[in-house]
Amino acid sequence: MALYVQKFGGTSVGSVDRIKAVAEKVKGFRDQGHQVVVVVSAMSGETNRLTDMANALNEDPAPREMDMLLSTGEQVTISLLAMALQQIGVSATSHTGAQVGIHTDSAYTKARIQRIETDDLKADLEAGKVVVVAGFQGVDENGNITTLGRGGSDTTGVALAAALGADECQIYTDVDGVYTTDPRVCTKAQRLESITVEEMLELASLGSKVLQIRAVEFAGKYNVPLRVLSSFEDGPGTLIVADADQDEDSMEEPLISGIAFTKNEAKLTLLHTPDVPGVASRILGPIADANIEVDMIVQNVAPAGDYTDFTFTVAKGDYKATKKLIEETVIPDLGGGELRGDDNIAKVSLVGVGMRSHAGVASKMFRVLADENVNIRMVSTSEIKISVVIDEKHMELAVNALHKAFGLDKVNVESE
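This one's a predicted model, so the numbers in the text were calculated from it and none came from an experiment.

K.L.:
Teacher, can you tell me more about the overall build of the protein here?
P.N.:
Secondary structure summary: the protein contains 13 helices and 20 strands in total. Against the 2.2 N^0.38 benchmark of 22 Å for 416 residues, the protein shows a C-alpha radius of gyration of 24 Å, consistent with a compact globule. Across the 416 residues of the protein, 50% fall into the buried class. Put simply, the protein shows about 19,700 Å² of open surface, and 46% of that area lies on carbon and sulfur atoms. Between the mean site of the 38 positive side-chain charges and the mean site of the 61 negative ones, the protein shows a separation of 4 Å.

Structure, rendered in structure tokens:
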């Protein structure tokens, strides 16, 4: 007998029929003798509906009241799923985040879990019940309802799995696993049988939306086996493991596990800035003060050594504000400089722990892109990642060419 924590997202519980299908899936595990905790999100579209009503009443609603409002979406789902389970003969009970003992800080709309009380939850499991828990929410030390931010139900699921010592946390979604890249862009994308936490964190941060980053971080920190599965079809999904070295065969897996990409980037270059200590801080300081996050940074030195060109990227949504800030604050502070910007760029990234022990990945990537006449505008690297900025119009071409060149078209065929 195993203990599973299963999380179902909004599309998985988006209608009464789908809730019935989830109940049948859970019953299958319970009939095999397993203990099951189910974490659910609000029905698809419900959080947006509630948010729209709040904004219609108040353009700037109090965060505490927003948490009180948005937490009701999951409360509807847990009660309906418990009813569906009971209807097919499965003993089940529903709990809100507060009832199950998920204690958080008081940062409304983006709370962090501090501890989880598991005594009552364990008692229900020992009594043979399926426990249905509202994801995305908890309670602070003053008894106020809090929410964990968008996608927080993933974090709830992993946190409960860690607290209970579950055998596996299963994240059910509308895809059947983690793919080598987005199948909508590359038709030959393959489902990965397994991937490391490190690789999944990189892919999530670089544009993959399969899992919430905080949930993956939680899984890595507490060594929770995490599996991504489809709510709508059977299959093994993708297992996310702490360390590739746990599996000797993993050393023979492809160098690259996946290709991430995003069009949500803009590039700014400040030309002819003084090449003296402190200039980078004078450029980026005001941007950080405006709560704008900078991604990639490249600084070039002119032959004379007196001036430099400073290039960086920000989210496309911050492009206009950043441009205005540089023109009105940074350039006057530096005593001059010319600003150029481009919001028609894309970032393409190769991710794989195999890069640590294999040379030549970057040179191969650059050669493949050169063969396709794709110009590289910026480069950023880490131990397991290489990212390049290219023109947005070449993104799909680059992804498909790299996917083929690094053998990802055949990743599952070779592993079978």
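K.L.:
How do you make sense of unusual backbone geometry when you look at a structure like this?
P.N.:
Trans is the prevailing form of peptide bonds, just as negative phi is the prevailing case for residues other than glycine. In this structure, T109 takes a positive phi of about 75° despite not being glycine. In this fold, T109 is placed in the loop between strand 4 (102–104) and strand 5 (113–116). You will see that N373, though not glycine, has its phi angle at about 60°, which is positive. Along the chain, N373 turns up in the loop between helix 11 (361–371) and strand 19 (378–382). Taking relative accessible area as the criterion, N373 reaches 66% and is therefore assigned exposed.

K.L.:
In this structure, what is going on with the confidence of the model for the protein? I would like to understand it.
P.N.:
Parts of the prediction with low pLDDT should not have their coordinates interpreted in detail. The predicted model of the protein has a mean per-residue pLDDT of 91, with 95% of residues at 70 or higher. Confidence over residues 246–252 falls short of pLDDT 50; this stretch has 5 contacts with residues more than four positions distant or in other chains.

The rules we used
- Residues numbered from 1 in each chain as written.
- Predicted model: local features only at pLDDT ≥ 70, side-chain atom pairs only at ≥ 80, totals over all residues.
- Heavy atoms only, no water.
- Helix = DSSP H or I, 4+ residues; strand = E, 2+ residues; numbered from the N terminus.
- Rg over C-alpha atoms; globule rule 2.2 N^0.38 Å.
- Buried < 20%, exposed > 50% of the residue type's maximum accessible area, 1.4 Å probe, protein only.
- Areas by Shrake-Rupley, 256 points an atom, 1.4 Å probe, with all protein chains shown as cover.
- Lys, Arg positive; Asp, Glu negative; His and termini not counted.
- Charge placed at Lys NZ, Arg CZ, Asp CG, Glu CD.
- pLDDT = per-residue confidence, 0-100.
- Contact = heavy atoms within 4.5 Å.

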